[in-house]
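Residue-level structure breakdown
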Amino acid sequence: MKSAAENLTPTRVKLNVEVSFDELKPAIDAAYKQVAEQIQVPGFRKGKVPSRVIDQRVGRGYVLETAINDGLNGWYQEAVSETGIRPLSRPEVEITEVPDPSATEGQLTFSVEVDIRPEIELPAYEGLKVGVEAAEASDEDIEKALDDLRSRFGTLKSVERPAKGDDFLTIDLTAKVDGEEVDSASGLSYQVGSGTMLEGLDEAVTGLSADEEAIFETKLAGGEHAGQDAQVTVKVTAVKERELPEADDDFAQLASEFDTIAELREDLAKQAADAKTAQQGIEARDKVLDQLVELIEVPVPDSVITEQVEAHFNPEAGGHSAAEDHDTEEHRAEVKANTERAFKNEVILDAIADKEEIGVSQSELIEYLIATASQYGMDPNQFAQIMDQSGQVPMMVGEVRRRKALAVVLGKAEVTDSDGKAIDLSEFVRPAAEEEPAEEVAAEVIPSDDPAAAKF
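About the thresholds
- Residues numbered from 1 in each chain as written.
- Predicted model: local features only at pLDDT ≥ 70, side-chain atom pairs only at ≥ 80, totals over all residues.
- Heavy atoms only, no water.
- Helix = DSSP H or I, 4+ residues; strand = E, 2+ residues; numbered from the N terminus.
- Buried < 20%, exposed > 50% of the residue type's maximum accessible area, 1.4 Å probe, protein only.
- Pairing = 2+ DSSP bridges.
- Axes fitted to C-alpha atoms, helices over the stretch in contact; angles between N-to-C directions.
- Contact = heavy atoms within 4.5 Å.
- Phe/Tyr/Trp six-rings, centres within 6.5 Å; stacked < 30°, edge-to-face > 60°.

Quick look at unusual backbone geometry
The phi torsion at D166 lies on the positive side, around 75°, for a residue other than glycine. Here D166 lies in the loop between β6 (155–158) and β7 (168–177). Given the relative accessible area of 55%, D166 is considered exposed. The phi torsion at E357 lies on the positive side, around 55°, for a residue other than glycine. Counting through the fold element by element, E357 comes out in the loop between α10 (329–355) and α11 (362–375). When its relative accessible area of 71% is taken as the criterion, E357 is described as exposed.

This is how it looks when you write it as structure tokens:
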């Protein structure tokens, strides 16, 4: 089989494919067997009808058409492999020549137009200059961390006063729509300011004491009346505040592995400093990616934009409903911009990963699976099984690989804060020296050069 790729645009190619009669013959033989199973001819067992009889009954042209239809995808995939393109869209096929049905020679030729991932040229990305906000752990940060730890060991006590922010309340709720009660609940626990229930609840309960109530207007968040305007009556039955333990040596021994409160404070100071560095690392990472997108021209196929926008707004395609997402020109423009940016990010980071010969070890994939499962509140084993059954593992491998590529670029960047101080992100970016030995990783590397590894 011969194939050649003709570039129509930076993101679209035309494949010209020639299949000789000798290469077409196995498909023709298979088509004869397929037709033989489908027809009944007196004097012949099903599936044993000779080719010449099939030619008389259904015609050799039908057999040839069947052979071409059944073999077309395989020849297309072979052409994709030979030319090295990475398709993004459904192929548009045009058959330009078929062998004469009565002949035993000739060839099949067809062309395919398809959108592809563009090839890009990477500039030198070593030493990108990145500025981040100055950030140092303050005494307030340490005290907040200590108070957060104390609150985990705090106790609730009832108080005889109006409710205020952060208090813990016991409440009863009754909701009415158009004057008719549609829902009610009693004995609910709620922390003022958490915003975990109905909009307007925080304002309604603030200032109420036990056995007092208030009425407020809101939209119901769940049930068969979700989204409807309702009049809600809230009654406070108890007001409690959290009583924190004293920050002393006894508390340090209770809440940590340290013997003294001074040692605990020192550890919290280190944690606060690490958190500030992590914030700077995230800021630097995002700015490095912004610079890469500005430096590198990445053409985006129209089909990528159209598919993602329609999938977002079309419920039948697995997207969100138009009403839910406010299908407006502004929102569509936002989805389009996000899609373009996500596509550019992937293409750039995949190219860097290729250049840096980045692989993904089994342990790295497992770590990513566990972290992602926790975000969805799922058991990691169950989540991994779902990802495997749905064919999403290659995509996750691609995501881990791109994260590692961005970390490599960030590790080579020159990062300074707004005070002109050089920032050491070695703890934020995993040093190359800490990577697993090449031979160990090679044994666990999961192939990530498959087009399916990318979202697009």
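Let's pick the thread back up.
Structural notes on the sheet that holds strand β1 (residues 2–9)
Here we have four strands laid out as an open sheet, ordered β1-β2-β4-β3, and antiparallel in their pairing. The strands lining the two open edges of the sheet, one partner per strand, are β1 and β3 (92–97). Strand-to-strand, the axes of this sheet are offset by a mean angle of 20°, without reference to chain direction. Against the sheet, helix α1 (residues 21–38) touches β2 (12–20) and β4 (107–115), its axis set at about 80° to β2.

Regarding the packing of aromatic side chains
Per the counting criterion, the structure on display carries two aromatic pairs. Here the aromatic rings of F153 and F251 are separated by 5.9 Å at their centres, their planes lie at 90°, and the arrangement is edge-to-face. Taken together, the residues F153 in the loop between α4 (139–152) and β6 and F251 in helix α6 (residues 249–255) connect sequence positions 98 residues apart. Residue class for F153 comes out partly exposed when judged on its relative accessible area of 33%. Judged by its relative accessible area of 3%, F251 is buried.

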